Amino acid sequence: TPMMEIYLLSPHNQLENIKKFAAFIKETMFGELVSEYALNIFEQSLKVKLNKDLLADFNLSTKELLTFIKAKTKNFQANTKDDEIIFTHKGKTEEIKELYDLKEKLRDIKVRGLKGIKQVLPIKRGEDYIVLTSGTNLKDILAMKEVDTVHTFSNDIHEIYKVLGIEAARQAIINEVYRVIEAQGLNIDIRHVMLVADIMCVSGEVKGITRYGVVSEKASVLARASFETPIKHLINAALE
């Protein structure tokens, strides 16, 4: 369950601003804003009715949406009327399948937000408001000027490794493991967790403590054979 906690710099961390920011970063697909589709076979047209309330929430207009969509729907002519967009086929009438394909394609056109951020939730943490997200996009979030880059974090260790490097990934492993241990009410010395994180990151990449990760790199055949799948290691060693 990849997630992020996004801390914002003042004055963006106040209630009225945090909602705007959350709506701005959420990955919004065109399909989410549509209340109904109407297909007219005789006129070879597709009428898309938009949800007025959602458009107001996201601060979008029908005309703005039309500019997003025009580039993606080249064979169709698009016109707006109130909160409706009507697509008609350019040129000679083609088979109806193209209109169906258009309907499916429209659903997945991104109109706003950052890739990967599926849900957002502004919450109060102490005096300030922060945004919790489902899904992560650390690189794009850290590039935004409103974001407090020091406190913002993601729990996706591979993404942290790609964006911030191996030292940050090691620290993220320690934080995540320690958080789980604390939640269970266990009392384990943090040095045990640090040792595990060091072993996982010592090669310069994040590797799991599994037969495919850390264990596969052990120099001794007997050390590899003592952890799961012993016969495979012994046969390979005998062949070599």
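Residues numbered from 1 in each chain as written. Predicted model: local features only at pLDDT ≥ 70, side-chain atom pairs only at ≥ 80, totals over all residues. Heavy atoms only, no water.

1. Re the sheet that holds strand β5 (residues 76-81)
Spatially, β3-β4-β6-β5 is the arrangement adopted by the 4 strands of the open sheet, whose pairing is antiparallel. In this open sheet, the two strands that pair with only one neighbour each are β3 (34-40) and β5. Averaged over all adjacent pairs, the angle separating strand axes in this sheet is 20°, with direction ignored. Across 6 bridges, the pairing between β5 and strand β6 (residues 84-89) is antiparallel. The residue bridging T80 from the neighbouring strand is I85, located in β6. Strands β4 (45-50), β5 and β6 of the sheet are contacted by helix α3 (residues 62-70), whose axis makes an angle of about 30° with β6. (Pairing = 2+ DSSP bridges. Helix = DSSP H or I, 4+ residues; strand = E, 2+ residues; numbered from the N terminus. Axes fitted to C-alpha atoms, helices over the stretch in contact; angles between N-to-C directions. Contact = heavy atoms within 4.5 Å.)

2. Regarding the packing of helix α7 (residues 166-183) against helix α8 (residues 190-201)
Packing of α7 against α8 leaves a shortest axis separation of 9 Å and a crossing angle of 140°. Of the possible angle classes, the one that applies to α7 and α8 is oblique. The element α7 and its partner α8 pack so that their crossing is right-handed. Facing I166, R170, I173, I174, V177, Y178 and I181 of α7, the residues of α8 in contact are I190, V193, M194, A197, D198, M200 and C201. When grouped by side-chain class, the residues that make up the contact of α7 with α8 number 12 nonpolar, no polar and 2 charged. (Parallel < 35°, antiparallel > 145°, perpendicular 65-115°, else oblique. Left-handed = near helix turned anticlockwise from the far one by under 90°. Nonpolar A, V, L, I, M, F, W, Y, C, P; charged D, E, K, R; others polar.)

3. Some points on the sheet that holds strand β9 (residues 128-134)
Spatial strand order, β8-β9-β1-β10: 4 strands in an open sheet with antiparallel pairing. Bordering the open sheet on either side are β8 (119-125) and β10 (153-154), each of which pairs with just one other strand. Across 5 bridges, the pairing between strand β1 (residues 3-7) and β9 is antiparallel. Across the sheet, the residue bridging to I6 is V131, located in β9. Of the strands in this sheet, β1, β8 and β9 are in contact with helix α1 (residues 15-25), which crosses β9 at around 15°.

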